[in-house]
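Okay, here's what each chain looks like letter by letter:
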Amino acid sequence: MTAVGIDAIEVWTGNLKLDLPGTFAPQKGEDPEKYTKGLGLNASSFPDSYEDIVTMAANAAHRLMERKGLEPDDIGRIDVATESAFDNSKPVSTYVAGCLEQVFDGDFHHANKGERKFACIAGTQSLDDAYNWIKAGRNRGRAALVIATDTALYARGDAGEATQGAGAVAMLITEEPGLVELSTEQGYGSADETDFLKPNQQFPSVDGKRSVKVYLARMREALEDYESVAGDVHPDDLAFIPFHTPFPGMVRKAGLLGYRHITRDTAIEDDLAEEIGRQPRAEAFDDEESYHDALREYMDALKGTERYREWYAQTIDPTLEVSREVGNWYTGSVHLARTSALKHALEAGRDLAGETLLVGSYGSGAQAEIHAETVCDGWEAEIEALNVDEQLAARYDMSWADYEQIHDAHNHDMDVDVEEFTAPDAEFVFDGWGRMGERKYRYVD
Ligand code: COA
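This structure is a prediction, so every number in the text was calculated from the model and none was measured.

Any chance you could explain the overall build of the protein chain here in plain terms?
For the protein chain, the helix and strand inventory stands at 15 helices and 15 strands. Relative to the compact-globule value of 22 Å for 445 residues, the protein chain shows a C-alpha radius of gyration of 22 Å, a close match. Principal-axis analysis of the C-alpha atoms gives the protein chain an extent of 70 × 55 × 40 Å. Among the 445 residues that make up the protein chain, the fraction classed as buried is 57%. Expressed as a percentage of contacts within the protein chain between residues at least 6 apart in sequence, the contacts between residues at least 24 apart total 78%. Of the roughly 18700 Å² of accessible surface on the protein chain, 43% is carried by carbon and sulfur atoms. Averaging the positions of the 42 positive and the 84 negative side-chain charges in the protein chain gives two centres separated by 3 Å.

This is how it looks when you write it as C-alpha cells:
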C-alpha cells in the first residue's frame with residue numbers, strides 16, 4: 001500500500017508578541033506564575049494591523065512551495081481549516097490561492113478548494129480529507145496543500161484572554177512523504193457539547209472549566225476507539241504524543257490521564273504498584289463517588305513518580321516548547337505540537353526515523369481524534385529548513401497600550417486604524433477593502 005502523509009511543513013507566526021508574565025499579569029493583578037507555571041505559557045503571538053488569517057496562511061504556504069520547488073500545477077487541492085473565518089460563503093482558500101498567484105507563475109484553476117470548520121480539530125480533518133483524496137487515487141499525482149490558520153482572540157476580560165494566539169501551519173500532503181506517514185487507523189470521541197462556540201460572533205462564548213472536562217472525556221473516548229482498531233497502545237512504543245494545545249497546562253492533564261490508561265494491565269502498573277498501589281478498578285467500589293475519589297488519589301500519586309515524570313519529560317514536554325511562546329493557534333495548535341517535538345528531537349540529535357507519534361486532536365463542540373504517524377527517513381532535512389526560532393525572536397514585544405490598540409484593530413465590531421508596529425518584509429499584507437466588501441491583499445518585497 002502506498003504511504004501517504006505529510007511531506008513538509010511550514011509555520012508562520014503573527015508578527016507581534018504579548019509577554020504574559022511581564023506585561024499581562026501585572027495588568028490583571030495576577031501572580032506571573034499563574035501563566036508560566038499554571039497555564040504553562042510565556043507569551044502569545046498576535047497579528048500586526050496588516051496581518052490576518054489569509055496573510056498568515058499565504059505566507060506559510062508561500063515558504064512551503066518555494067522551499068519544495070513547487071508550482072501551482074503541482075497542487076491539486078487547497079484546504080484551509082479555520083475558526084476565524086470572516087465570510088460565510090467565500091472560503092479563505094480562494095483568497096490564499098489569489099495571493100499565491102501573485103508570486104508564482106501559473107494558477108490554481110484546476111485545484112479543488114475548500115474550508116473546514118469544527119473548532120480546533122478542523123486542521124486534522126483537512127489532513128484526513130487530503131489523505132483520503134490521495135488514497136482514493138483522485139489526485140493525478142498532485143499534492144494537497146492543507147493550511148490551518150487562526151487568530152485566536154477572546155473578548156477582553158474573558159478567562160481565555162491569557163491563552164490567545166495567532167499563526168498558521170501549512171502542510172504538504174503527498175504519496176511517499178518526507179516527514180511522517182499517517183496511519184489508516186483512527187479513533188473518534190464525538191458528542192454534542194456546549195463548551196465553546198461562536199454563534200455568528202467573532203469572540204467565543206466559553207465555559208472554560210467545562211471545556212477542560214469535555215476535552216479529557218472526548219480524548220479518552222477517542223483513545224479507546226483507536227485501540228479497538230489498532231490494538232493496545234504502550235507508552236514505550238511512542239516517541240512523542242502531540243496533543244491539541246490550547247495551553248500547555250491542558251496537555252499536562254491529558255498526558256497524565258493518557259498515561260494511566262495506557263499503563264493499565266502492563267508491567268509498568270506492576271512496577272509502580274509497590275510505590276503507589278494498583279490502579280483503582282470500578283468493580284471494586286460500591287459507588288461511583290468512592291471510585292472517583294480513589295482515581296483522583298491514584299493520579300495525584302502517579303504524577304509524583306519518577307517513572308511518570310521521566311516519561312512526560314521525554315514524550316510530552318517537547319511538544320509544548322513552541323506553544324509556550326505563541327499561545328493557542330486553534331486549528332494549527334496540534335500541528336505546531338508535532339513540529340515542536342520534531343524540532344526538539346533534531347536539536348537533541350535523536351534518530352527518529354521509523355518511530356511512532358500518537359497524535360491527539362480536539363475541537364470544542366466537541367470531537368477528539370487519535371491517529372498514529374510514523375516518522376520518515378530524511379525527516380531531519382524538513383525540520384532543519386524551518387526558521388521558527390528566528391520568527392519568534394523577530395516579533396515586536398507589545399506594551400499594554402499597544403496590546404489594547406491591536407485587540408481593537410482586529411475586533412470586527414470596531415473601526416479603528418492602528419499604525420503598524422512592524423515593517424512587512426517579503427510577505428503578503430492586507431491591502432484594504434474591495435467594492436463588494438472583499439478583502440484585498442498584496443505582496444510586499
Ligand atoms: N502559580 C502556579 N499555578 C497557578 C497559580 C500560581 N500563582 N495560579 C493559578 N495556577 C494554576 C491553577 O491551579 C490552574 O492549574 P490546574 O488546573 O492544574 O489546577 C491553572 O493555573 C489555571 O488557573 P485557573 O484559576 O483555573 O485559571 P482561569 O480560571 O483564569 O482560566 C481556563 C483557565 C482554562 C478556564 C481559561 O484559560 C479558559 O477559559 N481558556 C479558554 C478555553 C480553553 O482553552 N479550554 C481548553 C479546552 S479546548
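Still to come is the rest of the account.
Which parts of the structure should I look at to understand the UniProt feature "domain: Hydroxymethylglutaryl-coenzyme A synthase N-terminal" (unreviewed entry) in the protein chain?
Look at the UniProt record and you will see "domain: Hydroxymethylglutaryl-coenzyme A synthase N-terminal" (unreviewed entry) annotated at residues 4-174. The span residues 4-174 shows a helical share of 34% and a strand share of 29%, and its end C-alpha atoms are spaced 6 Å apart.

Sorry, what's going on with the site of the ligand here?
Taken together, the neighbourhood of the ligand is formed by 20 residues, with D31, K34, K209, S211 and K253 sitting nearest. D31 places a side-chain nitrogen or oxygen 2.9 Å from a nitrogen atom of the ligand. A159 places a polar main-chain atom, nitrogen or oxygen, 3.4 Å from an oxygen atom of the ligand. About the coverage of the ligand: the protein hides 70% of its 970 Å² of free accessible area. When contributions to the shell around the ligand are tallied by element, the ones reaching two or more residues are α2 (32-39), α6 (208-230) and α7 (248-263).

Explain helix α8 (residues 267-276) to me, please; I cannot follow it from the model alone.
Of all the positions in α8, only I268, E269, L272 and I276 are classed as buried. Projected down its long axis, α8 carries its buried residues within an arc of 90 degrees, all on one side. Facing away from the buried side of α8 by more than 90 degrees, the exposed set consists of A267 and E274. Those residues of α8 that are buried are in contact with α7, α9 (288-303) and α10 (306-315).

What should I look at first to understand the packing of aromatic side chains in this one?
To describe a pair of aromatic rings, one takes the distance between the centres and the angle between the planes. This structure, assessed with the given rule, holds 19 aromatic pairs. Each ring, one from Y154 and one from Y330, has its centre 6.4 Å from the other, and the planes form 65 degrees; the classification is edge-to-face. Residue Y154 is found in the loop between β6 (143-152) and β7 (165-175), and its partner Y330 is found in the loop between α11 (323-326) and α12 (333-347); the two are separated by 176 residues along the sequence. Under the relative-accessibility criterion, Y330 is labelled buried at 1%. On the numbers, 6.0 Å between centres and 70 degrees between planes, the contact of F430 with Y441 is edge-to-face. Taken together, the residues F430 in strand β14 (residues 427-433) and Y441 in strand β15 (residues 439-444) connect sequence positions 11 residues apart. Taking relative accessible area as the criterion, F430 reaches 22% and is therefore assigned partly exposed. Through pairs of rings, three or more aromatic residues link up here, namely F24, Y35, F46, W400 and Y403.

Looking at this structure, how should I read the sheet that holds strand β2 (residues 16-19)?
The strands that make up a sheet pair up through hydrogen bonds in the backbone, lying either parallel or antiparallel. On the basis of which strands lie adjacent, the open sheet formed by three strands has the order β3-β2-β13 and mixed pairing. Each edge of the open sheet is held by one strand with a lone partner, namely β3 (43-46) and β13 (396-397). By the bridge criterion, two bridges tie β2 to β13 in an arrangement that is parallel. Across the sheet, K17 pairs through a bridge with D397, a residue of β13. Running at roughly 60 degrees to β2, helix α1 (residues 20-28) makes contact with β2 and β3 of the sheet.

Is there a simple way to think about the environment of D232 in this case?
Assignment of secondary structure puts D232 in the loop between α6 and α7. Judged by relative accessible area, D232 falls into the exposed class, the value being 70%. In the structure, D232 is positioned 176 residues away from D408 in sequence and 49 Å away in space, judged by C-alpha atoms.

Whenever I open this one, the pairing of strand β5 (residues 112-116) confuses me. Can you help?
The side chains of a regular strand alternate between the sheet's two faces. Pairing of strand β4 (residues 75-81) with β5, which is carried by five bridges, proceeds in the parallel orientation. When the sheet's bridge partners are listed, D79 is paired in β5 with G114.

Is there a simple way to think about the sheet that holds β7 in this case?
Strand order across the open sheet formed by eight strands is β5-β4-β6-β7-β1-β8-β12-β11, with mixed pairing between neighbours. With partners counted over all chains shown, the strands left at the sheet margins are β5 and β11 (356-363), one partner each. Averaged over all pairs of adjacent strands, the angle between strand axes in this sheet comes to 25 degrees, irrespective of strand direction. Across the sheet, helix α3 (residues 53-67) touches β1 (4-13), β4, β6 and β7, and the angle it forms with β1 is around 125 degrees.

What is the right way to read the nonpolar core from this model?
The tendency in soluble globular proteins is for nonpolar side chains to be buried side by side. Counting residues in each nonpolar core, the largest one holds 54 residues, and the members touching the most others are Y215, F243, L302 and L358. Examining the composition of this core, we find that eight residues originate from one element, α6, more than from any other. Excluding residues that lie within four positions of it along the chain, L302 makes contacts with L256, Y259, R260, L272, I276 and Y308.

Sorry, what's going on with the side chain of T124 here?
Tracing the backbone shows T124 in helix α5 (residues 122-135). Among the polar contacts listed, one links the side chain of T124 to the side chain of S361, at a separation of 2.7 Å. Among residues more than four places away in sequence, those in contact with T124 are V334, H335, S361, E369 and H371.

Rules and cut-offs
- Residues numbered from 1 in each chain as written.
- Predicted model: local features only at pLDDT ≥ 70, side-chain atom pairs only at ≥ 80, totals over all residues.
- Heavy atoms only, no water.
- Helix = DSSP H or I, 4+ residues; strand = E, 2+ residues; numbered from the N terminus.
- Rg over C-alpha atoms; globule rule 2.2 N^0.38 Å.
- Buried < 20%, exposed > 50% of the residue type's maximum accessible area, 1.4 Å probe, protein only.
- Contact = heavy atoms within 4.5 Å.
- Areas by Shrake-Rupley, 256 points an atom, 1.4 Å probe, with all protein chains shown as cover.
- Lys, Arg positive; Asp, Glu negative; His and termini not counted.
- Charge placed at Lys NZ, Arg CZ, Asp CG, Glu CD.
- UniProt positions renumbered as here; feature names shortened; annotations may be inferred.
- Near = heavy atom within 4 Å.
- Polar contact = N/O pair within 3.5 Å; in protein donor to acceptor, adjacent residues only side chain to side chain.
- Arc of directions from axis to C-beta.
- Phe/Tyr/Trp six-rings, centres within 6.5 Å; stacked < 30°, edge-to-face > 60°.
- Pairing = 2+ DSSP bridges.
- Axes fitted to C-alpha atoms, helices over the stretch in contact; angles between N-to-C directions.
- Core = buried A, V, L, I, M, F, W, Y, C linked by side-chain atoms within 4.5 Å.

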